[in-house]
Amino acid sequence: MTTRQKNPRRSAVAHVDPLGEPFLRTRFALPARPAVFLRRPRLDEHLDQSFGTPLTMVNGSAGAGKTLLVADWAARQRQPVAWFTTEAGDQGCGVFWAYVLEALRAAGVPLPSDIGCPGDASRVDHGLLSRLAHELNGLERPVVLVLDEFDRVTSARIAEQLEFVLHHAGRGLRLVVVTRTEPLLPLHRYRAAGAMTEIRGAELAFTVEEAAALLQLHGLRLPTAAVRALVERTGGWAAGLRLCALAARQSPDPSAYLRDFEAGRSTIADFLLTEVLKRQPVRVQDLLLRVSVVERFSPELVAELTGRGGTEPILAALHSQNAFVEDLGHSWYRLHPLFGEILRAHLRFRSPGLESELHRRAAQWLHASGALPEALAHGAAAGDWNFTTRTLVDDLAIGQLFTGLRANDLAELFSRMGPEATSAAADLVRAARELSRGDVERGLVQLRRAEERLDARPDAATRLSLVLLQSLAARLTGSPGMAEQAVATAERLWGEVPAELLDSHPEFSALLLTHVGSARLWAGRFDDARAALSTVAGCPGGVSTALPREDSLGQLALIDYLNGWLCRAERKAQASLRETERFGLRDPGFPGAGLGQLVLAAVAVDRDELRAAQALLDEAAAASGAPRDPVTAAGRSLATSRLLLSRGEPRAAAAAADLDVPALVDSPWAEVQTALVASAAHLAEGRTESALKVLDDVSSDGEPTWAAELAWARFAAGNQESALDLLDHMRTHRHTGPRAAVQCALVRAGAAQETDVAAARKLLAGALLQARRERLRRPFLEAGPRIRHLLDSPPLQDLAAGWLTPCRPAPPGGPGSAGDGSSLVVEELSGREREVVGRLAELMSTEEIAADLYVSVNTVKTHLKSAYRKLGVNGRAEAVRRARDQGLI
Amino acid sequence: MRYEIRVDGHMSETLTEAFPELDHVKMSGQTVLFGPVVDEAHLYGLLNRCQSLGLRVVEMRQLPE
């Protein structure tokens, strides 16, 4: 595989910065081993076998000592071990893999930054997993990846993906799964193949000798019989033994205490923990109960929760005793999960009502220290929705409800909000949720309510959030006036919020400009729309702005298409789709979803590639269903109705051209498109009068693109005079594309043919040259027999051969032989297409080519299709032969 | 549906508070938690709760209505 050097990959992708987020960092940290940890050689030796098997599973109940066993073993390996502690909130595949990539990077695994990064919390692109597996497979030494608390990952899809990566990474990845429950991996297969190292509860249980050693570490020397009895009572359970030791050590007569415990019948952990807890100083008890509400804590957060400072020594002492507290490094700690759970039960029992107060305090502290997601989670746990929504709005993070890795988590979090929250911020969040679900009416109601609740002088962040939602509502309701008002207000407000707030939320202005651009596009103000959309398309690539970038590129593609630039439209639409492919995004709820495919479909219709057009329309329907966004809906109706017309289904086309999206103002271009289709449908059914009448109702307003289309339609309906009249009054400007020029030329050629055949042919030659570059075939096919008759002259035949008409069989060796003919025909292959065809010549399969070039199978198929078309062939063998003949490979 | 979950050992009053939706009774070295269970998800949730509190489940069965 030498392609990696040959193909510098896509530019760097911004990824989650583990160092920027203390919480993330603690999840990549090996938990530190406390002083009273007992190393057990038999388990270490068993763990060493994990280098020989792809999968290792350490499986045991809470408090069985799994995490510390693996952490201690991992810390002693010569090579760094990638560690990741999963959390219940990581159910989305996208989040999970984003963190796994970071964990690998944090452990120094050299992953190229262009390997990609999931951009959608709930999805991950298969290509990314393939690339990851490929990278790992190429490593000289295998990387050990530990997934701790894997029982929290309940998603079958993540298990499947993990299995895929593990399988394809070969010897490059050794996965160690630490879990309380049997993971959803196909363990039987690994077992049968001897490809799994397995340490289960029974093996984790302490033997009598080990228990004696552990007790000794705690300063207790007991006769063997007493230790044996203790092991029997606890089942060799690490947490039980450790708590026993602590409780006994604190009692006046440890041996008697343990005898009593052995005879007792209480549940072990709860009983012992209560015992140990009640022997702690009151201050420590209070601390332990209070920190049980947070996942992780630092001395500062503890001070906030307890109302007392100076807790660092207490935490350090608790950790070294290993009773309750685990050290995550950098002054961050967490409670042992088992004890944390029990302590939380104690907290609820002892101080009902304190829990939500503590969540609130944690939320405030976390917000102040810049940990927004955690602050929101605790605010929600406290049930304090006014605070939680306020925090989101103040942070200018409302856009994260629409785009980025956290969108799903936030939607889930705020779905729990009840009607009790009555602040303007709460209404803004409600409006955002309705709008993101596409319910514009309810969204608008909430927006109005939010406006009514605003203070006399609302702060800039609140007003900006309102403006962002208004721009989206404006776009969805086809209200360019409202959108312009929104962007004007936003421009006044930019200066009033801290610059770093805006910098940390690039999605905010990207969303705003996308929506404003869309409203302008709807209103037919293409230049203004392009200005806004290009800004978004040009903004630095990153997960948080991927959706607005995709959306903007799709709209820019539509503008190019409407202006008659097929190749430009195609390129932008493909860039739009690449944006989503790179981040594995598929958000059917996003307003512009599917627009890229729709533009490609329309381009395909103009090129008379009807099957491809249908496939793209199906793809778009799968991507977005019935679009609620006026521009996307218009794009769909345009592509669909044109396809149906081309197929000779005029009635269905007329029906599809009818836009059923309510919009405040009419869209001039959408109206022209509807009229054109209606006219063509009438014409196809022989109603010339009606065909012309429909056209009378719309005006081209001198806009060249539409003037050409309308002139073409009039000409087709037999009204040559008015067609020429339209063209005479048509202005052109630099954005007018080849399609308008081709249509003009065809109309004029049609008019000239009766009087001056030579002039008509000259016009046609010009049209063919322009159309060939774009492979614009439709107008010639629609042009009717008279014009087609004109094409039957040798120079025009040459211009049309190969792309519009089949290649002429050239007389061997004669003038104008295959050599020139084909050089005219064959369009330049792109670099990527050449690479793909080159690999075909090496007899590689599509899948192999995909793996070799680090792209998806679908991308390879697209390249192949396009290469076949350019080479004018139908199959692999023919393509290779043709490419060789042309000296392309 | 109604279920009964038997766990090893006598649970303290504090710990039974972790199962506010269930009644409980202690008998012969075991604690029996019983009461209405909304659906499968709830059932698995209860099992998870047992596990995360370090309880050993000895038996679990559906009760006749």
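Calculation rules
Counting of residues starts from 1 at the beginning of each chain's written sequence and follows it residue by residue. For naming, the first written chain is A and the first written ligand is 1, with later ones following in the order written. Where totals are concerned, whole chains, interfaces and linings use all residues; where local detail is concerned, this predicted model gives features only for residues with pLDDT of at least 70, and gives and counts side-chain atom pairs only at 80 or more. Heavy atoms from the whole structure form the basis of all side-chain values; hydrogens and water molecules are not counted. Strands are runs of DSSP state E lasting at least two residues, helices are runs of H or I lasting at least four, and both sets are numbered from the N terminus onward. For the radius of gyration, the atom set is restricted to C-alpha positions; the globular benchmark scales as 2.2 Å times the number of residues to the power 0.38. The classification of residues rests on relative accessible area computed with a 1.4 Å probe and restricted to protein chains. Under 20% of the type maximum is buried, over 50% is exposed, and intermediate values are partly exposed. For this analysis, residues touch if any pair of their heavy atoms sits within 4.5 Å. Accessible surface area values rest on a Shrake-Rupley calculation with a 1.4 Å probe, where residue burial reflects the displayed protein chains alone. A positive count includes Lys and Arg, and a negative count includes Asp and Glu. His and the chain ends are not counted in either. For this purpose, a charge sits on NZ of Lys, CZ of Arg, CG of Asp or CD of Glu. Grid points spaced at 1 Å over the protein atoms alone were grouped into cavities, where a 1.4 Å probe fits but cannot get out, and pockets, open sets with protein on both sides within 12 Å along at least five of seven lines, with lining residues defined by an atom within 4 Å of a point. Grid points are joined across faces, edges and corners, and a volume is the space filled by probe spheres set on the points. Under the scheme applied here, ten amino acids are nonpolar (Ala, Val, Leu, Ile, Met, Phe, Trp, Tyr, Cys and Pro), four are charged (Asp, Glu, Lys and Arg), and all others, including Gly, are polar. Start and end points for every domain follow an automatic or database-based domain assignment. Should DSSP find at least two bridges between two strands, the strands are regarded as paired. Structural elements are reduced to axes, namely lines fitted to C-alpha atoms, with helices fitted over the stretch in contact, and the angle between N-to-C directions of any two is expressed from 0 to 180 degrees. Throughout, buried area stands for the accessible area (probe radius 1.4 Å) lost by two parts on being put together, summed over both. Definition of a polar contact: a pair of N or O atoms within 3.5 Å, with one able to donate and the other able to accept a hydrogen when the atoms are protein atoms, and with sequence-neighbouring residues admitted only if both atoms are side-chain atoms. Here is the rule for angles: anything less than 35 degrees is roughly parallel, anything more than 145 is roughly antiparallel, 65 through 115 is roughly perpendicular, and the remaining ranges are oblique. Should the near helix be turned counterclockwise from the far one by less than a right angle, the crossing is left-handed, whereas a clockwise turn marks it as right-handed. Any two rings among Phe, Tyr and Trp, with Trp reduced to its six-membered ring, count as a pair given centres within 6.5 Å; such a pair is stacked if its planes are under 30 degrees apart, edge-to-face if over 60, and tilted if neither. The rule is short: NZ of Lys or CZ of Arg within 6 Å of the ring centre and within 35 degrees of the ring normal puts a charge over the ring. Here, expected helix span is obtained from the residue count minus one, scaled by 1.5 Å. Nonpolar core, defined: a set of buried Ala, Val, Leu, Ile, Met, Phe, Trp, Tyr and Cys residues in which side-chain atoms within 4.5 Å join the residues together. A carboxyl oxygen of Asp or Glu within 4 Å of a side-chain nitrogen of Lys or Arg is what we treat as a salt bridge. Each residue gets a pLDDT score, which is the predictor's confidence in that residue and runs from 0 to 100. In this description, the term disulfide denotes a pair of cysteine sulfurs within 2.5 Å.

### Brief notes about the overall build of chain B
Next up, step 1: Check the secondary structure of chain B and you find two helices and four strands.
Next up, step 2: Taken from the N to the C terminus, the helices and strands of chain B come in the order β-α-β-β-α-β.
Next up, step 3: Taken against the 2.2 N^0.38 rule, which gives 11 Å for 65 residues, the C-alpha radius of gyration of chain B at 11 Å falls within 12% of a compact globule.
Next up, step 4: For the C-alpha atoms alone, the extent of chain B along its principal axes is close to 25 × 25 × 20 Å.
Next up, step 5: Taking all 65 residues of chain B together, the buried fraction comes to 43%.
Next up, step 6: Sequence-distant contacts, at least 24 apart, represent 62% of the contacts inside chain B between residues at least 6 apart.
Next up, step 7: If you sum the accessible surface of chain B, you get close to 3300 Å²; carbon and sulfur atoms cover 51% of it.
Next up, step 8: Averaging the positions of the 6 positive and the 10 negative side-chain charges in chain B gives two centres separated by 5 Å.

### Details of empty space enclosed by the protein
Residues and elements named next belong to chain A.
Next up, step 1: The final tally for this structure, using the stated rule, is four cavities of 30 Å³ or more.
Next up, step 2: Residue assignment for the lining of the largest cavity shows that the elements contributing at least two residues are α4 (66–75), β4 (173–179), α12 (238–250) and α18 (337–350).
Next up, step 3: When the residues that make up the lining of the largest cavity are grouped by side-chain class, the tally is nine nonpolar, six polar and eight charged.
Next up, step 4: Domain assignment of the residues forming the lining of the largest cavity places at least three in each of domain 1 (3–204) and domain 2 (209–368).

### Quick notes on the sheet that holds strand β1 (residues 55–59) of chain A
Residues and elements named next belong to chain A.
Next up, step 1: With respect to topology, five strands assemble into an open sheet ordered β2-β3-β4-β1-β5, the strand pairing being parallel. Looking along the sheet, the strands with just one partner apiece sit at the ends: β2 (82–85) and β5 (196–199). Averaged over all adjacent pairs, the angle separating strand axes in this sheet is 15°, with direction ignored.
Next up, step 2: Bridge count for strand β3 (residues 143–148) against β4 is five bridges, and the pairing is parallel.

### Brief notes about the interface of chain A and chain B
Next up, step 1: Taken residue by residue, the interface counts 15 residues in chain A and 17 residues in chain B.
Next up, step 2: When the area that chain A buries against chain B is broken down by residue, the three leading residues are A:R265, A:T267 and A:F349, summing to 38%.
Next up, step 3: Across the chain A-chain B interface, the total number found is three residue pairs in polar contact (both at pLDDT 80 or more).
Next up, step 4: Of all elements in the fold, only α14 (268–278) and α18 of chain A reach the threshold of two or more residues within the side of chain A that touches chain B.
Next up, step 5: The greatest single-element share of the side of chain A that touches chain B, amounting to six residues, is contributed by α18(A).
Next up, step 6: Broken down by class, the residue content of the side of chain A that touches chain B amounts to seven nonpolar, four polar and four charged.

### Details of the environment of A:G718
Residues and elements named next belong to chain A.
Next up, step 1: Relative to the assigned elements, G718 resides in the loop between α38 (704–716) and α39 (720–728).
Next up, step 2: According to the relative accessible area criterion, G718 is exposed, its value standing at 58%.
Next up, step 3: Spatially, the C-alpha atom of G718 lies 7.8 Å from that of T688, the residues being 30 residues apart in sequence.

### Focus on the packing of helix α24 (residues 440–453) of chain A against helix α25 (residues 460–476) of chain A
All names here are of chain A.
Next up, step 1: One can describe the packing of α24 onto α25 by two numbers: an axis separation of 11 Å at closest approach and a directional angle of 150°. Classified by the angle between their axes, α24 and α25 sit roughly antiparallel to one another. Handedness of the crossing formed by α24 with α25: left-handed. Seen from α24, the contacting residues are V440, L444, L447 and E451; seen from α25, they are L466, L469, Q470, A473 and L476.
Next up, step 2: Taken together, the residues of the contact of α24 with α25 break down into seven nonpolar, one polar and one charged.

### Here we look at unusual backbone geometry
Next up, step 1: Even without a glycine there, the phi angle at A:L396 is positive, about 60°.
Next up, step 2: Residue placement: A:L396 occurs in the loop between α21 (385–394) and α22 (407–415).
Next up, step 3: One non-glycine residue with positive phi stands out, namely B:S28, at about 30°.
Next up, step 4: Residue position: B:S28 is located in the loop between β2 (23–27) and β3 (30–36).

### With respect to the packing of aromatic side chains
For any pair of aromatic rings, the description consists of the separation of the ring centres together with the inter-plane angle of the planes.
All names here are of chain A.
Next up, step 1: According to the stated counting rule, one finds 14 aromatic pairs over all chains in the structure shown.
Next up, step 2: Here F51 and W73 contribute two aromatic rings whose centre-to-centre distance is 5.9 Å and whose plane-to-plane angle is 45°, an arrangement assigned as tilted. Here the residue F51 occupies a position in the loop between α3 (41–48) and β1, and W73 occupies one in helix α4, the gap between them amounting to 22 residues.
Next up, step 3: Ring centres of W494 and F508 lie 6.1 Å apart, and the angle between their planes is 80°; this geometry places the pair in the edge-to-face category. A residue pair is termed long-range when its members are at least 10 positions apart, and W494 in the loop between α26 (480–493) and α27 (499–503) and F508 in helix α28 (residues 506–522) qualify at 14 residues.
Next up, step 4: We classify W494 as partly exposed; its relative accessible area is 24%.
Next up, step 5: Aromatic ring contacts, followed pair by pair, group F28, F84, F96, W97 and Y99 into a single cluster.
Next up, step 6: Above the face of the F206 ring, R40 is positioned so that its terminal group lies 3.8 Å from the ring centre.

### Overview of helix α2 (residues 40–52) of chain B
A turn of α-helix holds 3.6 residues, and therefore any two residues three or four places apart point the same way.
Next up, step 1: In this model α2(B) runs 18 Å from its N-terminal to its C-terminal C-alpha over 13 residues, within 8% of the 18 Å that 1.5 Å per residue would give.
Next up, step 2: Among the residues of α2(B), those classed as buried are B:H42, B:L43, B:L46, B:C50 and B:S52.
Next up, step 3: Buried residues along α2(B) sit against α18 of chain A together with β1 (2–8), β3 and β4 (57–63) of chain B.
Next up, step 4: Directly after α2(B), the chain includes B:G54, whose backbone phi takes a positive value near 75°.

### Quick notes on the nonpolar core
Next up, step 1: Residues A:L288, A:F297, A:F324 and B:F19 are the most contacted members of the largest nonpolar core, which totals 79 residues.
Next up, step 2: If you tally residues by element for this core, the top one is α12(A), at nine residues.
Next up, step 3: Counting residues in each nonpolar core, the second largest holds 78 residues, with A:A604, A:W669, A:L676 and A:A800 among its members.

### Some thoughts on the pattern of salt bridges
Residues and elements named next belong to chain A.
Next up, step 1: With the rule as written, the count across this model stands at 64 salt bridges over all chains.
Next up, step 2: One salt bridge connects D44 with R76, and the closest N-O pair in it is separated by 2.9 Å. Taken together, the residues D44 in helix α3 and R76 in the loop between α4 and β2 connect sequence positions 32 residues apart.
Next up, step 3: With relative accessibility at 8%, the residue D44 sits in the buried group.
Next up, step 4: When its relative accessible area of 39% is taken as the criterion, R76 is described as partly exposed.

### Remarks on the environment of A:D286
Next up, step 1: Looking at where A:D286 falls in the secondary structure, it is placed in helix α15 (residues 282–291).
Next up, step 2: C-alpha of A:D286 to C-alpha of A:E496: the two residues are 210 residues apart in sequence and 43 Å apart in space.

### A few points about the side chain of A:T56
Residues and elements named next belong to chain A.
Next up, step 1: On the secondary structure map, T56 appears in strand β1.
Next up, step 2: T56 sits in the buried class, given a relative accessible area of 1%.
Next up, step 3: The contacts of T56, once residues within four sequence positions are left out, are L47, S50, L175, V176, V177 and T197.

### Looking at the confidence of the model for chain B
If pLDDT is low for a region, its predicted coordinates should not be looked at in detail.
Next up, step 1: On average, residues of chain B score 91 in pLDDT, and 100% of them reach the 70 mark or higher.
Next up, step 2: Taken over the whole predicted complex, pTM reads 0.75, whereas the ipTM for its chain interfaces reads 0.84.

### A word on the state of the cysteines
Next up, step 1: The tally for this structure, following the rule as stated, stands at zero disulfides over all chains.
Next up, step 2: There is no disulfide at A:C744, and the cysteine sulfur nearest it, in A:C567, is 19 Å away.

### Brief notes about the sheet that holds β2(B)
Residue and element names in this part refer to chain B.
Next up, step 1: Pairing in this open sheet of four strands is antiparallel, and the strands run β2-β3-β1-β4 from one edge to the other. Two strands close off the open sheet at either side, each with one partner strand: β2 and β4. The sheet shows a mean angle of 20° between the axes of neighbouring strands, direction not considered.
Next up, step 2: Where β1 lies against β3, seven bridges are found, and the strand directions are antiparallel.

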